[in-house]
Amino acid sequence: MKTLIIGIGALGGLIAARLRAAGCPVWLATRAAEQAESLSASGLRVTGVGGAVTVQATAVAPLDAYGAHDNFDLVLLATKGHDAIEAAPKVSLLLGPNATLLPIQNGGVPQMLAERLGNRVLGGLSNLGATMETLGIYEQRNAGHLLVGELAGGESERTEQICRWLGRAVEVRATGNLRGAVWSKLLLNCSVTTIGAIAGGTMREYIASPEGRELFNRTYDEALSVALATGAQPETMLVEPIPPGWRAGSIATEARDAWIARILTAYGDVTSSMLQDIRRGRTTEIEFINGYVVNVARQFGLDAPMNAAIVETVHAITSGRLAPSPELLPQVLQAHLS
Ligand SMILES: NC(=O)c1ccc[n+]([C@@H]2O[C@H](COP(=O)([O-])OP(=O)(O)OC[C@H]3O[C@@H](n4cnc5c(N)ncnc54)[C@H](OP(=O)(O)O)[C@@H]3O)[C@@H](O)[C@H]2O)c1
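Here goes a summary of the coordinates provided.

Calculation criteria
Residues numbered from 1 in each chain as written. Predicted model: local features only at pLDDT ≥ 70, side-chain atom pairs only at ≥ 80, totals over all residues. Near = placed C-beta within 6 Å. Helix = DSSP H or I, 4+ residues; strand = E, 2+ residues; numbered from the N terminus. Nonpolar A, V, L, I, M, F, W, Y, C, P; charged D, E, K, R; others polar. Axes fitted to C-alpha atoms, helices over the stretch in contact; angles between N-to-C directions. Parallel < 35°, antiparallel > 145°, perpendicular 65-115°, else oblique. Left-handed = near helix turned anticlockwise from the far one by under 90°. Contact = placed C-beta atoms within 7 Å. Pairing = 2+ DSSP bridges.

**A word on the site of the ligand**
Stage number 1. Around the ligand, a shell composed of 26 residues is seen, among which Gly7, Gly9, Ala10, Asp83 and Gln105 lie nearest.
Stage number 2. Secondary structure elements with two or more residues in the shell around the ligand: α1 (10–21), β2 (26–30), α3 (81–94) and β9 (130–134).
Stage number 3. When grouped by side-chain class, the residues that make up the shell around the ligand number eleven nonpolar, eleven polar and four charged.

Structure (C-alpha cells):
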C-alpha cells in the first residue's frame, strides 16, 4: 500500500519512523522545503513506549512536490486541524479513485474533510500520545492506538486492510462506530481539554472550584445533547460517555461525582495540547472542538451557548486580550448565563 504521510510532527513523525523501521514503503510530506532537507539530513528517531528506532528519511519532500502521478493508495494526514482543512484541495489532487485519505485530527476534522472530499475519506482518531522534541526527534508517550472506521458506520474491507498495514508500525483498531468514538473524544476535548486551557492548568486543578465543576458539567452536557441530536451513539472509551443520571436530567448525584472521579483518573493530570499551543503562540484547534459543536448545534436547530462562550474566551486568549487563569471560569459561566 503506497503511503504518503503529510505532516511530520509529533504523530506523523512517530508513525513514519515506525513504518520505515518495519520495512514499509512510505513517503513523507513536510510543509516547507527546508524541513524536508533537514529531515533528509537528520533521519527520524523515536524513543519511549514501544521501543526506540532510528531510520533514514529518504523520500521526503514538501507537500507541493507531490502530485497525481505519485499514485498513492493511502494518504495519512497528520497535520493540525486548520492545516488539514487548508491542505484539502491539494490533498484531493493526490487521491486517485481508489485511494484513501485517513485524517487523524481531533474533533470534527474527518467529517469536515469528508464533506469536501467524499467517501475517499476514512475516519480516524488517535489515542496514541506523541511529542516532537525537534524535527526528526519524537517520543511515544503511551501505549495507545489509532482507531479507524467508515464515517458512515459499519465494517469495510479497506478499514481492515489499513488496520493490517499501519498495524505493522503502531497499534491500530477498527470500529464500526467511528462517529460515536469521535464524539466521545470530542466531549472530553470540549470540557477537560479546553476548560483546562482557559484556566491555565489541569482538570484536577480547575475542577476543585465550584465554578470549574459547574463549567465542566454544563459544557459536557451541552455537547452531549448535540451529539445525541445528530444520532451519534458515543462509544465507551476509558470512561462511559453518558453520565449517570443523564436520562433523569440530574447532575448533582453521588454517581455523577464517581463518574467525574473516573474521568480525573484517566485525564485529570494531563496538560492539554491546547494549553501548550496557547503558551507557544500557535493556532489552537478550538474551531474543530467546541467550535464544531456550536456549528453542528446550529445545523440541528439547537443552541450551544456554553460552548460558544468557551470559543469566544479562547479567541480572546489567543488574541492577547485575556490570559489563561482560573479567574476566567466564573466569567465564562456568566457570559453563558447573561
Ligand atoms: N500528539 C499527540 O499526542 C496527539 C494525540 C491525539 C491527537 N492528536 C491530533 O493529531 C493532529 C496532529 O498533532 P501533532 O501533535 O502531531 O501536531 P504537530 O506536532 O504540530 O505536527 C503537525 C505537523 O504538520 C505539519 N504541517 C502543517 N501543514 C502542513 C502541510 N500543508 N503540509 C505538510 N505538513 C504540514 C506541521 O509543520 P509546521 O511545524 O511547519 O507547522 C507539523 O510538523 C492534531 O489534530 C492533534 O490534535 C495529537
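**Points about the packing of helix α11 (residues 290–299) against helix α12 (residues 305–318)**
Stage number 1. Where α11 meets α12, the closest approach of the two axes is 8 Å, and the angle between their N-to-C directions is 140 degrees. The orientation of α11 relative to α12 falls into the category oblique. Handedness of the crossing formed by α11 with α12: left-handed. Across the interface between the two elements, Asn290, Gly291, Val293 and Val294 from α11 touch Asn307, Ala308, Ile310 and Val311 from α12.

**Comments concerning the environment of alanine 36**
Stage number 1. Relative to the helices and strands, alanine 36 is located in helix α2 (residues 33–42).
Stage number 2. Between the C-alpha atoms of alanine 36 and isoleucine 8, which are 28 residues apart in sequence, the distance is 9.4 Å.
Stage number 3. Excluding anything up to four places from it in sequence, alanine 36 contacts Thr30, Val60, Ala61 and Pro62.

**What to know about the sheet that holds strand β12 (residues 172–174)**
Adjacent strands of a sheet pair through backbone hydrogen bonds, lying either parallel or antiparallel.
Stage number 1. Spatial ordering of the open sheet is given by β8-β11-β12, a layout of three strands whose pairing is mixed. Either end of the sheet is taken by a strand with one partner, and the two such strands are β8 (123–126) and β12. Across the sheet, the mean angle separating the axes of adjacent strands is 20 degrees when strand polarity is ignored.
Stage number 2. As judged from the four bridges shared by β8 and strand β11 (residues 146–149), these two strands associate in the antiparallel manner. If you follow leucine 125 over to β11, its bridge partner there is leucine 147.
Stage number 3. Sheet strands in contact with helix α6 (residues 178–199) are β8 and β11, and its direction is about 35 degrees off that of β8.

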